[in-house]
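# An overview of the molecular structure
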Amino acid sequence: MSERLSKKELFDHINAVSFAVDDVKLFLDTHPCDEEALAYFREHSRMRNEALKEYAARFGPLTIDTAVYSCSDKWNWINEPWPWQEGGC
């Protein structure tokens, strides 16, 4: 993302694009060859992945696929506040 969003704004953006991705996936279940829907899915999936990576880099991961694992730190992402806890979003 080009602009520097606050933690809450970035979290809200992730929720919005995640909803869009989930919604269009349901549509694609019944319309798998709809090119416009496929393009929408690809674009919003890209936006979601970029936002998740940015959030993970700045505030800690929200999903397992943006968590960093190392043998020395184990799953250190669990030490961050959860989004619903104080200090989260």
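Our subject is the structure that appears above.
The structure reproduced in this document is the subject of the present report. (Residues numbered from 1 in each chain as written. Predicted model: local features only at pLDDT ≥ 70, side-chain atom pairs only at ≥ 80, totals over all residues. Heavy atoms only, no water.)

### Things to note about the overall build of the protein chain
As a reminder, the rule being used: Put simply, DSSP marks the helices as runs of H or I at least four residues long and the strands as runs of E at least two long, and each gets a number from the N terminus on. What makes two residues a contact is simply this: any of their non-hydrogen atoms within 4.5 Å. For the accessible areas, the method is Shrake-Rupley and the probe is 1.4 Å, while residue cover comes only from the protein chains on display.
Secondary structure summary: the protein chain contains two helices and zero strands in total. In the protein chain, of all internal contacts separated by at least 6 residues, the share reaching a separation of at least 24 is 47%. Summed over its atoms, the accessible surface of the protein chain is roughly 6300 Å², and 56% of this surface lies on carbon and sulfur atoms.

### As for the packing of aromatic side chains
Put simply, the rule is: For Phe, Tyr and Trp, rings pair up if their centres lie within 6.5 Å, where Trp contributes its six-membered ring, and each pair is then called stacked (planes under 30 degrees apart), edge-to-face (over 60) or tilted (otherwise). Relative accessibility decides the category of a residue: with a 1.4 Å probe and only protein chains considered, values under 20% of the type maximum give buried, values over 50% give exposed, and everything between is partly exposed.
Per the stated rule, a full pass over the model turns up two aromatic pairs. When the ring of Phe11 is compared with that of Tyr55, the centres are 6.3 Å apart and the planes differ by 50°; the resulting orientation is tilted. Of this pair, Phe11 sits in helix α1 (residues 7–30) while Tyr55 sits in helix α2 (residues 35–59), placing them 44 residues apart in sequence. A ring pair is formed by Tyr55 and Phe59, whose centres lie 5.1 Å apart and whose planes are at 55°; its orientation type is tilted. With Tyr55 and Phe59 both in helix α2 and four residues apart, this pair spans about one turn of that helix. The partly exposed category is assigned to Phe59, whose relative accessible area is 22%. In this structure an aromatic cluster arises from ring pairing among Phe11, Tyr55 and Phe59.

### Concerning the nonpolar core
Rule in force here: By nonpolar core we mean a set of buried residues, namely Ala, Val, Leu, Ile, Met, Phe, Trp, Tyr and Cys, connected to one another through side-chain atoms within 4.5 Å.
Judged by nonpolar contacts, Leu5, Leu10, Phe11, Ile14, Ala51, Leu52 and Tyr55 together constitute the single largest core of seven residues. Contributing elements (two or more residues each) for this core: α1 and α2.

### Observations concerning the environment of Leu28
With respect to the helices, strands and loops of the structure, Leu28 is situated in helix α1. Separated by 13 residues in the primary sequence, Leu28 and Phe41 have C-alpha atoms spaced 8.9 Å apart.

### Considerations on the environment of His44
Relative to the assigned elements, His44 resides in helix α2. Linking His44 and Val24, residues 20 residues apart in sequence, is a C-alpha distance of 9.4 Å. The residues contacting His44, other than those within four sequence positions of it, are Val17, Ala20 and Val21.

### What about α1?
Cut-off, in case you're wondering: A helix is expected to reach a length of 1.5 Å times the quantity of its residues less one.
When the terminal C-alpha atoms of α1 are compared, their 36 Å separation across 24 residues agrees well with the 34 Å that a helix rising 1.5 Å per residue should span. Those residues of α1 that fall on the buried side of the exposure criterion are Lys7, Leu10, Phe11, His13, Ile14, Val17, Ser18, Ala20, Val21, Val24 and Leu28. Where α1 is buried, its residues contact α2.

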